[in-house]
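Architecture at a glance
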Amino acid sequence: MAMKLIAPMAFLAMQLIIMAAAEDQSAQIMLDSVVEKYLRSNRSLRKVEHSRHDAINIFNVEKYGAVGDGKHDCTEAFSTAWQAACKKPSAMLLVPGNKKFVVNNLFFNGPCQPHFTFKVDGIIAAYQNPASWKNNRIWLQFAKLTGFTLMGKGVIDGQGKQWWAGQCKWVNGREICNDRDRPTAIKFDFSTGLIIQGLRLMNSPEFHLVFGNCEGVKIIGISITAPRDSPNTDGIDIFASKNFHLQKNTIGTGDDCVAIGTGSSNIVIEDLICGPGHGISIGSLGRENSRAEVSYVHVNGAKFIDTQNGLRIKTWQGGSGMASHIIYENVEMINSENPILINQFYCTSASACQNQRSAVQIQDVTYKNIRGTSATAAAIQLKCSDSMPCKDIKLSDISLKLTSGKIASCLNDNANGYFSGHVIPACKNLSPSAKRKESKSHKHPKTVMVENMRAYDKGNRTRILLGSRPPNCTNKCHGCSPCKAKLVIVHRIMPQEYYPQRWICSCHGKIYHP
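Residues numbered from 1 in each chain as written. Predicted model: local features only at pLDDT ≥ 70, side-chain atom pairs only at ≥ 80, totals over all residues. Heavy atoms only, no water.

**Quick look at the overall build of the protein**
Within the protein, the secondary structure is distributed over six helices and 37 strands. Burial status across the protein gives 51% buried among its 514 residues. Put simply, 74% of the contacts in the protein that link residues at least 6 apart link residues at least 24 apart. (Helix = DSSP H or I, 4+ residues; strand = E, 2+ residues; numbered from the N terminus. Buried < 20%, exposed > 50% of the residue type's maximum accessible area, 1.4 Å probe, protein only. Contact = heavy atoms within 4.5 Å.)

**Observations regarding a nonpolar patch on the surface**
A cluster of nonpolar side chains, namely Ile 273, Ile 305 and Ile 334, defines an oily patch on the protein surface of about 190 Å² accessible area. Along the chain, Ile 334 falls in strand β27 (residues 320-336). Judged by relative accessible area, Ile 334 falls into the partly exposed class, the value being 30%. (Patch = residues over 30% accessible without salt bridge, like charges linked within 9 Å, V, L, I, M, F, W, Y side chains within 5 Å. Areas by Shrake-Rupley, 256 points an atom, 1.4 Å probe, with all protein chains shown as cover. Salt bridge = Lys/Arg side-chain N within 4 Å of Asp/Glu carboxyl O.)

**Comments concerning helix α4 (residues 75-86)**
In this model α4 runs 16 Å from its N-terminal to its C-terminal C-alpha over 12 residues, within 8% of the 16 Å that 1.5 Å per residue would give. All buried positions along α4 are accounted for by Thr 75, Ala 77, Phe 78, Ser 79, Ala 81, Trp 82, Ala 85 and Cys 86. (Expected span 1.5 Å × (residues − 1).)

**Notes on the state of the cysteines**
Going through the model one piece at a time under the given rule, you end up with seven disulfides. Shown here is the disulfide that connects Cys 480 with Cys 507, its sulfur atoms set 1.9 Å apart. Judged by the torsion about the S-S bond (-70 degrees), the Cys 480/Cys 507 disulfide is left-handed. Of this pair, Cys 480 sits in the loop between α6 (445-457) and β35 (484-489) while Cys 507 sits in strand β36 (residues 501-507), and the two are 27 residues apart along the sequence. (Disulfide = S-S within 2.5 Å.)

**Observations regarding unusual backbone geometry**
The peptide bond linking Gly 275 to Pro 276 adopts the cis configuration, its omega dihedral lying at 0 degrees. Inspection of the secondary structure puts Pro 276 in the loop between β23 (264-274) and β24 (280-285). Despite not being glycine, Asn 98 shows a phi value in the positive range, around 65 degrees. Of note, Asn 98 is situated in the loop between β3 (92-95) and β4 (100-102). On the basis of relative accessibility, which here comes to 83%, the residue Asn 98 falls in the exposed class. Of note, His 478 is a non-glycine position whose phi angle comes to about 55 degrees, a positive value.

**Remarks on the UniProt feature "active site" (unreviewed entry) in the protein**
Here the UniProt feature "active site" (unreviewed entry) sits at His 278. If near-sequence neighbours (up to four positions away) are discounted, His 278 is found in contact with Gly 254, Asp 255, Asp 256, Gln 308, Asn 309 and Arg 312. Within polar-contact distance, the side chain of His 278 engages the backbone oxygen of Gly 254 at 3.3 Å. (UniProt positions renumbered as here; feature names shortened; annotations may be inferred. Polar contact = N/O pair within 3.5 Å; in protein donor to acceptor, adjacent residues only side chain to side chain.)

Laid out in C-alpha coordinates, this is it:
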(Lines give C-alpha, C1' and ligand atoms only; values in the text may rest on other atoms or scores of the structure.)
Protein backbone atom coordinates (compact mmCIF):
# COMPACT_ATOMS: atom_id res chain seq x y z
CA MET A 1 0.00 0.00 0.00
CA ALA A 2 2.79 2.37 0.94
CA MET A 3 4.56 1.71 -2.40
CA LYS A 4 1.39 2.59 -4.31
CA LEU A 5 1.14 5.94 -2.51
CA ILE A 6 4.78 6.96 -3.10
CA ALA A 7 4.54 7.64 -6.87
CA PRO A 8 1.39 9.84 -6.72
CA MET A 9 2.75 11.74 -3.71
CA ALA A 10 6.06 12.34 -5.47
CA PHE A 11 4.28 13.54 -8.58
CA LEU A 12 2.01 15.85 -6.50
CA ALA A 13 5.02 17.23 -4.67
CA MET A 14 6.73 18.02 -7.96
CA GLN A 15 3.61 19.82 -9.24
CA LEU A 16 3.46 21.96 -6.10
CA ILE A 17 7.08 22.91 -6.48
CA ILE A 18 6.55 23.84 -10.15
CA MET A 19 3.63 26.12 -9.13
CA ALA A 20 5.74 27.73 -6.48
CA ALA A 21 8.57 28.25 -8.92
CA ALA A 22 6.25 30.13 -11.22
CA GLU A 23 5.54 32.57 -8.41
CA ASP A 24 9.00 32.72 -6.97
CA GLN A 25 12.03 32.48 -9.25
CA SER A 26 14.21 31.62 -6.27
CA ALA A 27 12.62 28.17 -6.23
CA GLN A 28 14.37 27.30 -9.52
CA ILE A 29 17.24 25.63 -7.69
CA MET A 30 14.82 23.40 -5.76
CA LEU A 31 12.91 22.63 -8.97
CA ASP A 32 16.08 21.48 -10.74
CA SER A 33 16.96 19.25 -7.78
CA VAL A 34 13.53 17.57 -7.65
CA VAL A 35 13.30 17.14 -11.42
CA GLU A 36 16.74 15.54 -11.55
CA LYS A 37 15.79 13.09 -8.76
CA TYR A 38 12.52 12.25 -10.49
CA LEU A 39 14.19 11.70 -13.85
CA ARG A 40 16.82 9.45 -12.33
CA SER A 41 14.00 7.26 -11.00
CA ASN A 42 12.31 7.05 -14.42
CA ARG A 43 14.38 5.48 -17.17
CA SER A 44 11.94 6.47 -19.91
CA LEU A 45 12.68 10.15 -19.34
CA ARG A 46 16.47 9.93 -19.32
CA LYS A 47 16.55 10.97 -22.97
CA VAL A 48 14.70 14.17 -22.02
CA GLU A 49 17.24 14.81 -19.28
CA HIS A 50 20.09 14.37 -21.77
CA SER A 51 18.63 16.82 -24.31
CA ARG A 52 17.85 19.29 -21.54
CA HIS A 53 21.43 19.40 -20.41
CA ASP A 54 22.71 19.58 -23.99
CA ALA A 55 20.64 22.72 -24.49
CA ILE A 56 22.46 24.36 -21.57
CA ASN A 57 25.79 24.09 -23.44
CA ILE A 58 25.03 26.88 -25.93
CA PHE A 59 27.63 29.62 -25.98
CA ASN A 60 26.24 32.74 -27.67
CA VAL A 61 29.07 35.08 -28.68
CA GLU A 62 26.92 38.05 -27.61
CA LYS A 63 27.10 36.88 -24.00
CA TYR A 64 30.88 37.22 -24.23
CA GLY A 65 30.78 40.81 -25.43
CA ALA A 66 30.30 40.49 -29.20
CA VAL A 67 28.24 43.31 -30.73
CA GLY A 68 26.56 42.42 -34.01
CA ASP A 69 26.31 45.91 -35.48
CA GLY A 70 28.94 45.47 -38.20
CA LYS A 71 31.16 48.10 -36.55
CA HIS A 72 32.58 46.89 -33.24
CA ASP A 73 35.57 44.55 -33.13
CA CYS A 74 34.38 41.18 -31.82
CA THR A 75 37.69 39.32 -32.01
CA GLU A 76 38.25 39.00 -28.27
CA ALA A 77 34.64 38.00 -27.63
CA PHE A 78 34.81 35.21 -30.22
CA SER A 79 38.10 33.95 -28.77
CA THR A 80 36.75 33.91 -25.21
CA ALA A 81 33.54 32.18 -26.26
CA TRP A 82 35.53 29.52 -28.14
CA GLN A 83 37.71 28.79 -25.12
CA ALA A 84 34.66 28.37 -22.91
CA ALA A 85 32.74 26.17 -25.37
CA CYS A 86 35.78 24.05 -26.18
CA LYS A 87 35.86 22.74 -22.61
CA LYS A 88 32.27 21.47 -22.58
CA PRO A 89 31.00 18.24 -24.23
CA SER A 90 28.24 18.66 -26.83
CA ALA A 91 28.79 22.42 -26.85
CA MET A 92 27.47 24.81 -29.48
CA LEU A 93 29.22 28.10 -30.19
CA LEU A 94 26.47 30.28 -31.67
CA VAL A 95 26.68 33.32 -33.93
CA PRO A 96 23.04 34.54 -33.92
CA GLY A 97 21.17 35.44 -37.10
CA ASN A 98 20.30 38.86 -38.51
CA LYS A 99 23.49 40.40 -37.12
CA LYS A 100 26.96 41.18 -38.47
CA PHE A 101 30.08 40.56 -36.40
CA VAL A 102 33.46 41.99 -37.45
CA VAL A 103 36.54 40.00 -36.38
CA ASN A 104 40.25 40.10 -37.06
CA ASN A 105 42.56 37.08 -37.39
CA LEU A 106 41.50 34.27 -35.03
CA PHE A 107 43.07 30.94 -34.09
CA PHE A 108 40.52 28.35 -32.94
CA ASN A 109 42.75 25.71 -31.42
CA GLY A 110 41.87 22.26 -30.09
CA PRO A 111 41.65 19.64 -28.89
CA CYS A 112 38.12 20.27 -27.61
CA GLN A 113 35.49 18.13 -25.94
CA PRO A 114 33.50 15.78 -28.21
CA HIS A 115 30.57 16.85 -30.42
CA PHE A 116 31.54 20.50 -30.68
CA THR A 117 29.44 22.58 -33.10
CA PHE A 118 30.19 26.09 -34.38
CA LYS A 119 26.84 27.37 -35.69
CA VAL A 120 26.90 30.52 -37.81
CA ASP A 121 23.45 31.96 -38.52
CA GLY A 122 24.54 35.58 -38.78
CA ILE A 123 27.39 37.21 -40.68
CA ILE A 124 31.06 36.98 -39.73
CA ALA A 125 33.00 39.66 -41.62
CA ALA A 126 36.67 40.53 -41.92
CA TYR A 127 38.05 44.06 -41.96
CA GLN A 128 37.79 45.71 -45.37
CA ASN A 129 41.13 47.54 -45.10
CA PRO A 130 44.14 45.18 -45.32
CA ALA A 131 46.09 47.52 -43.04
CA SER A 132 43.67 46.66 -40.21
CA TRP A 133 44.48 42.94 -40.32
CA LYS A 134 46.84 41.43 -37.75
CA ASN A 135 48.59 39.31 -40.39
CA ASN A 136 48.28 38.28 -44.04
CA ARG A 137 48.39 34.50 -43.62
CA ILE A 138 45.10 33.03 -42.35
CA TRP A 139 41.97 34.82 -41.19
CA LEU A 140 40.11 32.03 -39.34
CA GLN A 141 42.35 29.08 -38.49
CA PHE A 142 41.16 25.83 -36.90
CA ALA A 143 43.54 23.13 -35.67
CA LYS A 144 43.67 19.81 -33.79
CA LEU A 145 39.93 19.19 -33.75
CA THR A 146 38.07 15.86 -33.69
CA GLY A 147 34.36 15.38 -34.37
CA PHE A 148 33.86 19.10 -35.06
CA THR A 149 31.02 20.68 -37.07
CA LEU A 150 30.99 24.12 -38.72
CA MET A 151 27.47 24.78 -39.96
CA GLY A 152 24.58 27.22 -40.22
CA LYS A 153 22.61 29.37 -42.61
CA GLY A 154 24.87 32.38 -42.22
CA VAL A 155 27.68 34.04 -44.17
CA ILE A 156 31.45 34.21 -43.68
CA ASP A 157 32.68 37.22 -45.67
CA GLY A 158 36.41 37.73 -46.23
CA GLN A 159 35.92 41.29 -47.60
CA GLY A 160 38.69 40.70 -50.13
CA LYS A 161 38.10 43.52 -52.63
CA GLN A 162 40.95 45.76 -51.45
CA TRP A 163 43.30 42.76 -51.21
CA TRP A 164 42.72 41.93 -54.88
CA ALA A 165 43.59 45.38 -56.22
CA GLY A 166 46.85 45.48 -58.21
CA GLN A 167 47.69 41.80 -57.61
CA CYS A 168 47.82 40.79 -61.29
CA LYS A 169 49.76 42.08 -64.28
CA TRP A 170 50.38 40.99 -67.85
CA VAL A 171 53.92 39.85 -68.71
CA ASN A 172 54.86 38.48 -72.14
CA GLY A 173 51.21 38.01 -73.00
CA ARG A 174 50.44 36.11 -69.77
CA GLU A 175 48.58 37.25 -66.68
CA ILE A 176 50.77 36.76 -63.61
CA CYS A 177 49.13 37.12 -60.19
CA ASN A 178 50.83 37.43 -56.82
CA ASP A 179 49.74 34.48 -54.65
CA ARG A 180 51.96 35.07 -51.61
CA ASP A 181 50.83 38.08 -49.61
CA ARG A 182 47.09 37.58 -49.19
CA PRO A 183 45.40 35.55 -46.44
CA THR A 184 43.36 32.38 -46.73
CA ALA A 185 39.88 32.86 -45.25
CA ILE A 186 39.40 29.54 -43.42
CA LYS A 187 42.02 26.86 -42.79
CA PHE A 188 41.75 23.50 -40.99
CA ASP A 189 44.94 21.72 -39.91
CA PHE A 190 45.55 18.33 -38.26
CA SER A 191 41.85 17.57 -37.70
CA THR A 192 39.61 14.52 -38.12
CA GLY A 193 35.91 13.84 -38.40
CA LEU A 194 34.86 17.29 -39.65
CA ILE A 195 31.51 18.37 -41.07
CA ILE A 196 31.11 21.65 -42.95
CA GLN A 197 27.49 22.25 -43.90
CA GLY A 198 25.07 24.87 -45.18
CA LEU A 199 27.21 28.00 -44.97
CA ARG A 200 27.90 30.67 -47.57
CA LEU A 201 31.53 31.71 -47.90
CA MET A 202 32.37 34.75 -49.98
CA ASN A 203 35.06 37.18 -51.12
CA SER A 204 38.15 35.69 -49.51
CA PRO A 205 41.36 37.67 -50.06
CA GLU A 206 42.80 34.41 -51.45
CA PHE A 207 41.74 30.76 -50.93
CA HIS A 208 38.34 30.35 -49.26
CA LEU A 209 38.44 26.96 -47.51
CA VAL A 210 41.67 24.97 -47.10
CA PHE A 211 42.45 21.64 -45.44
CA GLY A 212 45.92 20.39 -44.51
CA ASN A 213 46.65 17.06 -42.83
CA CYS A 214 42.97 16.31 -42.24
CA GLU A 215 41.03 13.05 -42.40
CA GLY A 216 37.37 12.07 -42.56
CA VAL A 217 35.77 15.31 -43.79
CA LYS A 218 32.27 15.90 -45.17
CA ILE A 219 31.40 19.16 -46.95
CA ILE A 220 27.69 19.34 -47.69
CA GLY A 221 25.50 22.00 -49.27
CA ILE A 222 27.75 25.03 -48.95
CA SER A 223 28.14 27.86 -51.45
CA ILE A 224 31.33 29.79 -52.19
CA THR A 225 31.30 32.97 -54.28
CA ALA A 226 33.78 35.58 -55.45
CA PRO A 227 34.03 37.68 -58.64
CA ARG A 228 35.31 36.00 -61.80
CA ASP A 229 38.37 38.30 -61.87
CA SER A 230 39.34 37.90 -58.19
CA PRO A 231 42.87 36.38 -58.18
CA ASN A 232 43.62 32.97 -56.62
CA THR A 233 40.30 32.77 -54.78
CA ASP A 234 40.05 28.97 -54.85
CA GLY A 235 36.86 27.51 -53.40
CA ILE A 236 38.04 24.34 -51.62
CA ASP A 237 41.70 23.25 -51.45
CA ILE A 238 42.74 19.88 -50.05
CA PHE A 239 46.39 19.13 -49.22
CA ALA A 240 48.00 16.13 -47.52
CA SER A 241 44.57 14.83 -46.51
CA LYS A 242 42.37 11.77 -47.06
CA ASN A 243 38.79 10.48 -46.92
CA PHE A 244 36.81 13.52 -48.10
CA HIS A 245 33.21 13.60 -49.31
CA LEU A 246 32.02 16.79 -51.04
CA GLN A 247 28.31 16.73 -51.83
CA LYS A 248 25.85 19.21 -53.41
CA ASN A 249 28.10 22.27 -53.21
CA THR A 250 27.92 25.36 -55.42
CA ILE A 251 31.17 27.24 -56.12
CA GLY A 252 31.88 30.22 -58.34
CA THR A 253 35.16 32.10 -57.86
CA GLY A 254 38.17 33.52 -59.70
CA ASP A 255 40.20 30.30 -59.55
CA ASP A 256 39.77 26.56 -58.95
CA CYS A 257 36.38 25.50 -57.63
CA VAL A 258 38.13 22.52 -56.01
CA ALA A 259 41.89 21.88 -55.97
CA ILE A 260 43.40 18.60 -54.76
CA GLY A 261 47.05 18.83 -53.78
CA THR A 262 49.83 16.40 -53.05
CA GLY A 263 49.52 13.81 -50.31
CA SER A 264 45.75 13.50 -50.79
CA SER A 265 43.74 10.33 -51.42
CA ASN A 266 40.18 9.00 -51.34
CA ILE A 267 38.41 12.20 -52.40
CA VAL A 268 34.79 11.91 -53.57
CA ILE A 269 33.01 14.88 -55.19
CA GLU A 270 29.30 14.54 -55.99
CA ASP A 271 26.77 16.91 -57.54
CA LEU A 272 29.02 19.97 -57.77
CA ILE A 273 28.00 23.15 -59.59
CA CYS A 274 31.10 25.08 -60.64
CA GLY A 275 31.27 28.45 -62.37
CA PRO A 276 32.74 30.86 -62.85
CA GLY A 277 36.19 29.54 -62.03
CA HIS A 278 38.95 27.23 -63.19
CA GLY A 279 37.12 23.95 -62.67
CA ILE A 280 38.25 20.96 -60.61
CA SER A 281 42.04 20.71 -60.53
CA ILE A 282 44.31 17.95 -59.37
CA GLY A 283 47.47 19.87 -58.69
CA SER A 284 49.48 21.66 -59.39
CA LEU A 285 51.89 18.80 -58.62
CA GLY A 286 55.67 18.56 -58.63
CA ARG A 287 56.51 22.23 -58.16
CA GLU A 288 60.21 22.97 -57.64
CA ASN A 289 61.19 19.35 -58.38
CA SER A 290 59.16 18.04 -55.44
CA ARG A 291 57.58 14.62 -55.18
CA ALA A 292 53.79 14.52 -55.40
CA GLU A 293 51.20 11.81 -54.76
CA VAL A 294 47.45 11.94 -55.40
CA SER A 295 45.28 8.83 -55.69
CA TYR A 296 41.69 7.61 -55.65
CA VAL A 297 39.73 10.67 -56.72
CA HIS A 298 36.13 10.20 -57.88
CA VAL A 299 34.02 12.99 -59.39
CA ASN A 300 30.46 11.80 -59.96
CA GLY A 301 27.95 14.40 -61.08
CA ALA A 302 29.16 17.93 -61.83
CA LYS A 303 28.09 20.91 -63.92
CA PHE A 304 30.60 23.46 -65.22
CA ILE A 305 29.19 26.80 -66.38
CA ASP A 306 31.41 29.33 -68.23
CA THR A 307 34.56 28.02 -66.54
CA GLN A 308 38.15 28.51 -67.70
CA ASN A 309 38.75 24.77 -67.30
CA GLY A 310 36.63 21.73 -66.58
CA LEU A 311 38.38 18.56 -65.41
CA ARG A 312 42.05 19.47 -65.12
CA ILE A 313 45.20 17.66 -63.99
CA LYS A 314 48.23 19.96 -63.89
CA THR A 315 51.86 19.13 -63.12
CA TRP A 316 55.16 20.98 -63.30
CA GLN A 317 58.13 19.74 -65.24
CA GLY A 318 60.89 18.31 -63.07
CA GLY A 319 58.62 16.81 -60.44
CA SER A 320 58.21 13.14 -59.55
CA GLY A 321 55.61 10.86 -58.01
CA MET A 322 52.21 9.83 -59.32
CA ALA A 323 48.59 10.87 -59.86
CA SER A 324 46.49 7.73 -60.33
CA HIS A 325 43.13 5.97 -59.90
CA ILE A 326 41.03 8.95 -60.93
CA ILE A 327 37.46 8.76 -62.26
CA TYR A 328 35.36 11.57 -63.72
CA GLU A 329 31.81 10.62 -64.68
CA ASN A 330 28.37 12.11 -65.34
CA VAL A 331 29.61 15.63 -66.02
CA GLU A 332 27.94 18.44 -67.99
CA MET A 333 29.90 21.27 -69.63
CA ILE A 334 28.16 24.54 -70.54
CA ASN A 335 30.39 26.85 -72.59
CA SER A 336 33.47 25.72 -70.66
CA GLU A 337 37.01 26.24 -71.89
CA ASN A 338 39.25 23.16 -71.84
CA PRO A 339 36.56 20.71 -70.67
CA ILE A 340 39.05 17.81 -70.38
CA LEU A 341 42.65 18.84 -69.78
CA ILE A 342 45.82 17.07 -68.72
CA ASN A 343 48.71 19.55 -68.69
CA GLN A 344 52.13 18.26 -67.70
CA PHE A 345 53.77 21.53 -68.70
CA TYR A 346 52.07 23.76 -66.16
CA CYS A 347 53.95 27.00 -65.53
CA THR A 348 52.96 30.27 -63.85
CA SER A 349 56.34 32.01 -64.12
CA ALA A 350 56.68 35.28 -65.99
CA SER A 351 59.33 33.64 -68.18
CA ALA A 352 59.02 30.23 -69.82
CA CYS A 353 59.76 27.29 -67.51
CA GLN A 354 62.84 25.21 -68.27
CA ASN A 355 62.22 21.97 -70.12
CA GLN A 356 63.02 19.00 -67.85
CA ARG A 357 62.94 15.24 -68.30
CA SER A 358 61.48 14.26 -64.94
CA ALA A 359 57.70 14.41 -64.48
CA VAL A 360 54.88 13.25 -62.24
CA GLN A 361 53.45 10.01 -63.65
CA ILE A 362 49.76 10.25 -64.59
CA GLN A 363 47.98 6.93 -64.97
CA ASP A 364 44.64 5.16 -64.65
CA VAL A 365 42.37 8.15 -65.38
CA THR A 366 38.80 7.50 -66.58
CA TYR A 367 36.44 9.99 -68.26
CA LYS A 368 32.89 8.62 -68.60
CA ASN A 369 29.67 10.25 -69.78
CA ILE A 370 31.09 13.75 -70.23
CA ARG A 371 28.74 15.91 -72.31
CA GLY A 372 28.10 19.51 -73.29
CA THR A 373 29.70 22.47 -75.05
CA SER A 374 33.27 23.73 -75.24
CA ALA A 375 34.34 27.36 -75.59
CA THR A 376 37.73 26.24 -76.97
CA ALA A 377 38.36 24.44 -80.26
CA ALA A 378 40.13 21.54 -78.51
CA ALA A 379 37.55 20.12 -76.11
CA ILE A 380 39.92 17.33 -75.08
CA GLN A 381 43.60 18.11 -74.44
CA LEU A 382 45.95 15.38 -73.26
CA LYS A 383 49.30 17.15 -73.09
CA CYS A 384 51.53 14.55 -71.49
CA SER A 385 55.28 14.42 -70.97
CA ASP A 386 57.34 12.82 -73.75
CA SER A 387 59.66 11.31 -71.14
CA MET A 388 56.81 10.16 -68.85
CA PRO A 389 53.76 9.49 -71.07
CA CYS A 390 50.32 9.25 -69.49
CA LYS A 391 49.23 5.63 -69.03
CA ASP A 392 45.86 3.92 -69.06
CA ILE A 393 43.76 6.95 -70.01
CA LYS A 394 40.17 5.80 -70.68
CA LEU A 395 37.47 7.73 -72.53
CA SER A 396 33.92 6.38 -72.56
CA ASP A 397 30.71 7.95 -73.90
CA ILE A 398 32.05 11.46 -74.52
CA SER A 399 30.00 14.02 -76.44
CA LEU A 400 31.53 17.50 -76.58
CA LYS A 401 30.94 20.06 -79.31
CA LEU A 402 31.73 23.75 -79.64
CA THR A 403 29.32 26.26 -78.18
CA SER A 404 28.72 27.44 -81.74
CA GLY A 405 27.52 23.95 -82.63
CA LYS A 406 30.57 23.15 -84.73
CA ILE A 407 32.75 20.07 -84.31
CA ALA A 408 35.38 20.23 -81.55
CA SER A 409 38.80 18.58 -81.69
CA CYS A 410 41.01 16.41 -79.48
CA LEU A 411 44.71 17.06 -78.92
CA ASN A 412 46.62 13.98 -77.78
CA ASP A 413 50.33 14.25 -77.06
CA ASN A 414 51.86 11.16 -75.43
CA ALA A 415 48.71 9.79 -73.79
CA ASN A 416 48.21 6.03 -74.04
CA GLY A 417 44.97 4.29 -73.26
CA TYR A 418 41.54 3.19 -74.49
CA PHE A 419 38.16 4.44 -75.64
CA SER A 420 34.73 2.82 -75.60
CA GLY A 421 31.27 3.79 -76.76
CA HIS A 422 30.85 7.00 -78.74
CA VAL A 423 33.72 9.44 -78.17
CA ILE A 424 33.23 12.85 -79.80
CA PRO A 425 35.63 14.34 -80.62
CA ALA A 426 37.72 11.28 -81.41
CA CYS A 427 41.26 11.11 -80.04
CA LYS A 428 44.13 9.58 -81.97
CA ASN A 429 46.51 7.02 -80.44
CA LEU A 430 43.86 5.56 -78.15
CA SER A 431 42.92 1.93 -78.72
CA PRO A 432 39.42 0.43 -78.76
CA SER A 433 38.68 -0.84 -75.27
CA ALA A 434 38.51 -4.56 -74.57
CA LYS A 435 36.79 -5.65 -71.37
CA ARG A 436 39.56 -6.30 -68.93
CA LYS A 437 39.30 -7.85 -65.51
CA GLU A 438 39.74 -5.21 -62.87
CA SER A 439 42.63 -5.77 -60.52
CA LYS A 440 41.53 -6.57 -56.99
CA SER A 441 44.08 -4.12 -55.69
CA HIS A 442 42.56 -1.28 -57.75
CA LYS A 443 39.21 -0.86 -56.10
CA HIS A 444 36.74 1.75 -57.23
CA PRO A 445 37.73 5.01 -55.49
CA LYS A 446 34.29 5.54 -53.99
CA THR A 447 34.39 2.01 -52.58
CA VAL A 448 37.70 2.78 -50.91
CA MET A 449 36.28 6.06 -49.63
CA VAL A 450 33.23 4.38 -48.10
CA GLU A 451 35.28 1.58 -46.56
CA ASN A 452 37.63 4.03 -44.91
CA MET A 453 34.87 6.35 -43.71
CA ARG A 454 33.25 3.31 -42.07
CA ALA A 455 36.56 2.39 -40.50
CA TYR A 456 36.94 5.96 -39.29
CA ASP A 457 33.44 5.97 -37.82
CA LYS A 458 34.40 2.87 -35.82
CA GLY A 459 37.36 4.72 -34.40
CA ASN A 460 39.99 3.12 -36.59
CA ARG A 461 42.46 5.41 -38.29
CA THR A 462 42.82 3.59 -41.63
CA ARG A 463 45.90 4.57 -43.55
CA ILE A 464 45.97 4.49 -47.33
CA LEU A 465 49.22 3.85 -49.10
CA LEU A 466 49.78 6.31 -51.93
CA GLY A 467 51.68 3.94 -54.18
CA SER A 468 54.99 5.83 -54.09
CA ARG A 469 58.29 3.99 -54.26
CA PRO A 470 60.70 4.47 -51.37
CA PRO A 471 64.45 4.75 -52.03
CA ASN A 472 66.94 2.06 -51.13
CA CYS A 473 68.43 3.34 -47.87
CA THR A 474 71.07 0.62 -47.52
CA ASN A 475 74.37 2.20 -46.40
CA LYS A 476 72.86 5.70 -46.69
CA CYS A 477 72.85 6.59 -42.97
CA HIS A 478 76.62 6.84 -42.48
CA GLY A 479 76.88 3.61 -40.54
CA CYS A 480 73.77 4.14 -38.42
CA SER A 481 71.38 1.18 -38.22
CA PRO A 482 68.57 0.51 -38.97
CA CYS A 483 68.44 2.90 -41.91
CA LYS A 484 64.86 3.16 -43.18
CA ALA A 485 63.02 5.12 -45.85
CA LYS A 486 60.51 7.72 -44.65
CA LEU A 487 58.11 9.97 -46.57
CA VAL A 488 57.96 13.45 -45.05
CA ILE A 489 55.87 16.51 -45.83
CA VAL A 490 58.04 19.57 -46.37
CA HIS A 491 56.33 22.84 -45.44
CA ARG A 492 57.77 25.12 -48.08
CA ILE A 493 57.82 28.88 -47.36
CA MET A 494 54.57 28.94 -45.34
CA PRO A 495 52.72 26.05 -43.66
CA GLN A 496 49.54 26.53 -45.64
CA GLU A 497 51.11 26.15 -49.06
CA TYR A 498 51.43 23.11 -51.31
CA TYR A 499 52.73 20.49 -48.84
CA PRO A 500 55.27 18.82 -51.17
CA GLN A 501 56.51 15.38 -50.13
CA ARG A 502 60.01 13.96 -50.28
CA TRP A 503 61.55 10.61 -49.41
CA ILE A 504 64.39 10.66 -46.90
CA CYS A 505 66.42 8.02 -45.10
CA SER A 506 66.08 8.03 -41.33
CA CYS A 507 67.93 6.40 -38.47
CA HIS A 508 67.15 7.02 -34.80
CA GLY A 509 65.49 10.35 -35.61
CA LYS A 510 68.33 11.66 -37.77
CA ILE A 511 67.70 12.50 -41.43
CA TYR A 512 69.96 11.46 -44.29
CA HIS A 513 69.38 12.27 -47.95
CA PRO A 514 69.10 9.13 -50.14
